[in-house]
Amino acid sequence: MDVTPILDRLNDAQREAVTAPPEPALVIAGAGSGKTRVLVHRAAWLIDVEGVSPQSLLAVTFTNKAAAEMRSRIEALLKMPVQHLWIGTFHGLAHRMLRRHWREAGLPQNFQIIDSDDQLRLIKRLLKNLEIDDSRWVPKEIQWFINGQKDEGLRPSHIDDDGDPNRRQLIAFYRAYEEICQRGGLVDFAELLLRAHEVLRDNAELLEHYRGRFKHLLVDEFQDTNAIQYAWLRLLAGDKGVPFAVGDDDQSIYRWRGARVEHIHRFQKDFPGTRVVKLEQNYRSTATILNAANAVIANNQARMGKNLWTDGAVGELIKVYSAYNERDEADFIIGRLRDWIAQGNARADSAILYRSNAQSRVLEEGLINARIPYRVYGGLRFFERAEIKDALAYLRLTSNRDDDSSFERVVNRPTRGIGARTVDMMRSYARANACSMWRAAGAIASDELNGRAANALKAFMTLIERMARETNGLELHDKVDHVIHLSTLVAFFEKDKGEKGETRIENLAELVSAAKSFEPDPAEEMSALDEFLSHAALEAGEGQADAWEDCVQLMTMHSAKGLEFPLVFMCGMEDGLFPHQRSVSDANGLEEERRLCYVGITRAMQCLYVTYAEQRRLHGMDNFSQPSRFIAEIPNKHIEEIRPRVQVARPLRPTTPTQKRTATGRAGSEIGVRLGQRVRHNKFGEGVILNAEGQGAHARVEVNFEVAGTKWLVLSYANLDLM
Ligand code: ATP
Ligand code: MG
């Protein structure tokens, strides 16, 4: 056997991990050191050299995109397709298992996955049903509670209320929510994991089967597994399985979602004799970028600590740009992107990373104006767009009439004269008779409703039955096409004049193409439609339909994990935004934000821009902030400040501490004036700085005062207040 291609371009430590004997192993290493690469090569090695059947491998990645990439990389190494290889996210794999074993899992065969929007809607409806005041009980908090319990593997009966009436109520909500889901055959994301764990735990035969099958369990991004994911892995591994996990404690960024970096230690206890391999050479980034990242993360106390180095080029300095506001920031980024594209680089090799999703809007506007194609990961997700969810809801109803969340979504969309009162009646009937909305609709349409409402409801039910009948036996995309046609959604959105309606109609057409290019797995026992619907639910949040186009990549720092780009912009680097306001007062929270910053910096291969705005309008509010403390943690020698600024010896007097700004964001003693800055003068009132020149005692600024007009003032005399 010629093993060279598989071991090619691996360093000694990587090779040790790839070729390790079949015993538990843990690869702990910093960003860009080749962990994912090791995992891929390990899979190829096992199959090709050790003769392990692809069937006995289970590989867990962090995103569906990463899973697809891993599959194709393994195929490229082996030069053959690998079907029957279980590779995917925890959610994807759990889903696969539940589809196979729905009976054992206590689910209907056509169970539907609901995303977090659907889940929230169900919870709101639940509160309404229980006639609970939703000002006292915030639906989002209930959702948070339920998912948090599920992530820990807990059912309502496992949770103690500790004599706390609040908690008792939350547990009651959880129980009621479970009943609704069970009745409708609805499974939320956290439930996928919990059920997949329970189905193995409670079915000795099944567990034995899978333990016999999956000998090798490969896990990427191990630092971000939560309790139920870890429990599932551990159960599958048993005593004989060979878990092989790679991760980086410095990149644990999902603690808020239940991830526990402690699993790295737990693993070594649970699997005695674990081989621990450290990788220390970084192959991704320039020395400048890597050293900056190392310096930032060194400020964290809770670390295993590691030494990451590179023998690559020093590279360019990290460019820090201080923008006047969020628009200036977007303009700057777009300008740089233009240059980058003009130099012949691929757009897809650049990424704009931000802390919070809402930041993407201004960037998107700018990119649209500049006609630069872009794609948002995790923002406006294709499968989460309203019109797509409408069409999917119709499709779901054709497959499962008891899907209440779909029923409520489209019963009056397009409007067909089924009002809130009718819906309320159905809800109470459903509640009183512990049945689905569909059944309730059937019952009240014949008994309780007056003529017009009854007819409207009957027409809706006839429509769904017709959709199911007429699409029976059609190819998946014809099914989708026909259901959209019968739904009259297109005519409905045509009334919505302007670009928005048009986009929605285009998206519906895109859904048909998505169905066309969808390849159902012949090994799955469910219908192509159910598989497509599950795919839609799982895929939402990752990429968009037009994935083939060369686009600039926009995403949150969280979703950038595991990825790399030659050019990276980290924007919105302001205290309060990043680190996020919520976490600055809490040491653990701050350390998690710092790890996120480390993840962000280490996505960059060649060129990194860090930008912040002095003034930012976000969620409709104007904020003035300091540059992120993380910028100050990057040693000066790695930084080049972009905006030419006038430095003055005599500081201006800041009016309040929150408005205090410094010229560099680091050197506190030196306070600079920025063009565009608002100031107040005793005599002339308020104005904006237009221009500045000179140094020290001679520094002068030109200010455009609102009332007094434009004036040149000597700074050391003018006594300007910053605003
Ligand atoms: P992260 O922590 O961000 O997930 P990682 O440790 O998984 O990073 P990889 O993505 O596997 O790192 O590798 C980073 C980059 O370095 C990739 O482009 C990879 O191809 C390259 N690389 C890794 N090892 C080597 C090697 N031995 N020789 C050449 N290139 C390598
Ligand atoms: Mg990786």
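Everything numeric here is computed off the predicted structure, so don't read it as measured data.

About the criteria used
- Residues numbered from 1 in each chain as written.
- Chains lettered and ligands numbered in written order.
- Predicted model: local features only at pLDDT ≥ 70, side-chain atom pairs only at ≥ 80, totals over all residues.
- Heavy atoms only, no water.
- Pairing = 2+ DSSP bridges.
- Helix = DSSP H or I, 4+ residues; strand = E, 2+ residues; numbered from the N terminus.
- Axes fitted to C-alpha atoms, helices over the stretch in contact; angles between N-to-C directions.
- Contact = heavy atoms within 4.5 Å.
- Domains from an automatic or database assignment.
- Buried area = accessible area lost by both parts, 1.4 Å probe.
- Salt bridge = Lys/Arg side-chain N within 4 Å of Asp/Glu carboxyl O.
- Nonpolar A, V, L, I, M, F, W, Y, C, P; charged D, E, K, R; others polar.
- Buried < 20%, exposed > 50% of the residue type's maximum accessible area, 1.4 Å probe, protein only.
- Polar contact = N/O pair within 3.5 Å; in protein donor to acceptor, adjacent residues only side chain to side chain.
- Near = heavy atom within 4 Å.
- Areas by Shrake-Rupley, 256 points an atom, 1.4 Å probe, with all protein chains shown as cover.
- Core = buried A, V, L, I, M, F, W, Y, C linked by side-chain atoms within 4.5 Å.
- Expected span 1.5 Å × (residues − 1).
- Arc of directions from axis to C-beta.
- Phe/Tyr/Trp six-rings, centres within 6.5 Å; stacked < 30°, edge-to-face > 60°.
- 1 Å grid on protein atoms, 1.4 Å probe; cavity = no way out; pocket = protein on both sides within 12 Å on 5 of 7 lines; lining within 4 Å.
- Points joined across faces, edges and corners; volume = space filled by probe spheres on them.

Caption draft 1: Expanded view of the sheet that holds strand E1 (residues 25–29). One open sheet accounts for six strands, arranged E3-E2-E6-E7-E1-E8; its pairing is parallel. The open sheet has two free edges, formed respectively by strand E3 (86–88) and strand E8 (275–279), since each of these has just one partner strand. Neighbour to neighbour, the strand axes of the sheet diverge by 10 degrees on average, direction disregarded. In the sheet, E1 pairs with strand E7 (residues 242–247) via four bridges, with the strands oriented parallel. By the bridge assignment for E7, Ile28 is matched with Gly247. Helix H11 (residues 227–237) contacts strand E2 (57–60) and strand E6 (216–219) of the sheet and is inclined by roughly 160 degrees relative to E6.

Caption draft 2: Local environment of the domain arrangement of the protein. Its domain assignment divides the protein into domain 1 (4–101 + 194–281), domain 2 (112–184), domain 3 (290–380 + 547–641), domain 4 (382–539) and domain 5 (662–722). Measuring from the centre of the C-alpha atoms in domain 1 to the corresponding centre in domain 2 gives 32 Å. Taken residue by residue, the interface counts 10 residues in domain 1 and 10 residues in domain 2. Across the interface of domain 1 and domain 2, roughly 860 Å² is buried in total on both sides, 47% from carbon and sulfur atoms. Here Glu198 makes a salt bridge to Arg155, at a shortest N to O gap of 2.8 Å. Of the residues in the side of domain 1 that touches domain 2, the class split is four nonpolar, two polar and four charged.

Caption draft 3: Inspection of the side chain of Thr611 at higher detail. With respect to the helices and strands, Thr611 occurs in strand E14 (residues 604–618). Residue Thr611 is classed as buried on the basis of its relative accessible area, which comes to 0%. Within the local environment of Thr611, its side chain forms a polar contact with the side chain of Glu329, the two groups lying 2.7 Å apart. If we skip the residues at most four places from it in the chain, Thr611 touches Tyr321, Glu329, Phe332, Ile333, Met570, Cys571, Gly572 and Met573.

Caption draft 4: Focus on the site of ligand 1. Close to ligand 1 lie 19 residues, the nearest being Lys35, Thr36, Gln251, Glu564 and Arg603. Note that a nitrogen atom of ligand 1 is positioned 2.9 Å from one of the side-chain N or O atoms of Gln14. Summarising the interface, the protein chains cover 89% of the accessible area of ligand 1, which totals 640 Å² for the free molecule. Considering each element in turn, the shell around ligand 1 owes the most residues, three residues, to helix H3 (residues 35–48). Across the shell around ligand 1, the residue classes break down as three nonpolar, nine polar and seven charged. When residues of the shell around ligand 1 are assigned to domains, at least three fall in each of domain 1 (4–101 + 194–281) and domain 3 (290–380 + 547–641).

Caption draft 5: Geometry of unusual backbone geometry. Residue Pro414 is reached from Arg413 by a cis peptide bond, and omega for that bond is -5 degrees. Summarising the element assignment, Pro414 is placed in the loop between helix H17 (404–410) and helix H18 (420–432). Cis geometry is adopted by the peptide bond preceding Pro579, which originates at Phe578 and carries an omega value of 5 degrees. Along the chain, Pro579 falls in the loop between strand E13 (565–570) and helix H25 (581–584).

Caption draft 6: The nonpolar core, seen in detail. Counting residues in hydrophobic clusters, the biggest one holds 61 residues, and the most contacted among them are Leu58, Leu200, Phe222 and Trp232. No other element matches the eight residues that helix H8 (residues 165–184) contributes to this core. Formed jointly, this core draws a minimum of three residues from each of two domains, domain 1 (4–101 + 194–281) and domain 2 (112–184). Ignoring sequence-local partners within four residues, the contact set of Phe222 consists of Leu26, Tyr230, Leu233, Ala245, Val246, Gly247, His263, Ile264 and Phe267. One finds Met426, Ala445, Ala514 and Leu533 within the second-largest nonpolar core, a separate group that totals 49 residues.

Caption draft 7: Focus on the pattern of salt bridges. Taken as a whole and judged by the stated rule, the model has 45 salt bridges. As a salt-bridge pair, Asp118 and Lys389 come within 3.3 Å of each other at their nearest N and O atoms. Of the two residues, Asp118 is situated in helix H6 (residues 116–129) and Lys389 in helix H16 (residues 386–399); the sequence distance between them amounts to 271 residues. For the pair formed by Asp118 and Lys389, the shared burial category is buried. In this structure, Asp250 and Lys306 form a salt bridge, with 3.1 Å as the shortest nitrogen-oxygen distance.

Caption draft 8: Spatial organisation of helix H4 (residues 64–78). Counted at 1.5 Å a residue, the expected span for H4 with its 15 residues is 21 Å, and the 21 Å between its end C-alpha atoms agrees. Within the span of H4, buried status applies to Asn64, Ala67, Met70, Ile74, Leu77 and Leu78. Across the axial projection of H4, the buried residues extend over an arc of 150 degrees, all falling on one side. The N-cap of H4, judged by a side-chain oxygen 2.9 Å from the amide nitrogen of Ala66 a few residues on, is Thr63. Count one or two residues on from H4 and you reach Lys79, which has phi positive near 55 degrees.

Caption draft 9: Region of interest: the packing of aromatic side chains. The final tally for this structure, using the stated rule, is 18 aromatic pairs. Measuring from ring centre to ring centre gives 5.8 Å for Phe332 and Tyr609, while their planes differ by 70 degrees; the resulting arrangement is edge-to-face. Remark: Tyr609 occurs in strand E14 and Phe332 occurs in helix H14 (residues 326–342); sequence separation between them is 277 residues. Accessibility assignment for this pair places Phe332 and Tyr609 in one class, buried. For the ring pair Phe407 and Phe460, a centre distance of 5.5 Å and an interplane angle of 85 degrees mean the geometry is edge-to-face. Within this pair, whereas Phe407 is found in helix H17, its partner Phe460 is found in helix H20 (residues 451–471), the two being separated by 53 residues in sequence. Side by side, Phe407 and Phe460 carry an identical accessibility label, which is buried. In textbook terms, an aromatic cluster arises when at least three aromatic residues are bridged by ring pairs, as seen for Phe222, Tyr230, Phe267 and Phe271.

Caption draft 10: Structural view of the pairing of E2. The alternating pattern of E2 places Leu57 and Ala59 on one face and Leu58 and Val60 on the opposite face, and all of these are buried. Bridging between E2 and E6 involves four bridges; their strand directions are parallel. Across the sheet, Ala59 pairs through a bridge with Leu218, a residue of E6. Summarising the sheet, E2 and E3 pair through three bridges and their orientation is parallel.

Caption draft 11: A look at the environment of Gln109. The residue Gln109 is located in the loop between helix H5 (90–100) and strand E4 (112–114) in this model. With relative accessibility at 39%, the residue Gln109 sits in the partly exposed group. In this structure, Gln109 is in contact with Arg99, Trp102 and Glu525, ignoring residues within four places of it in sequence.

Caption draft 12: Representation of empty space enclosed by the protein in the model. For the structure on display, the rule yields five cavities of 30 Å³ or more. For the second largest cavity, the full set of lining residues is Val219, Tyr230, Leu233, Arg234, Pro243, Ala245, Phe267 and Phe271. Where the lining of the second largest cavity is concerned, the elements lending two or more residues are H11 and E7. Sorting elements by how many residues they give to the lining of the second largest cavity places H11 first, with three residues. Residues of the lining of the second largest cavity, tallied by class, amount to seven nonpolar, no polar and one charged.

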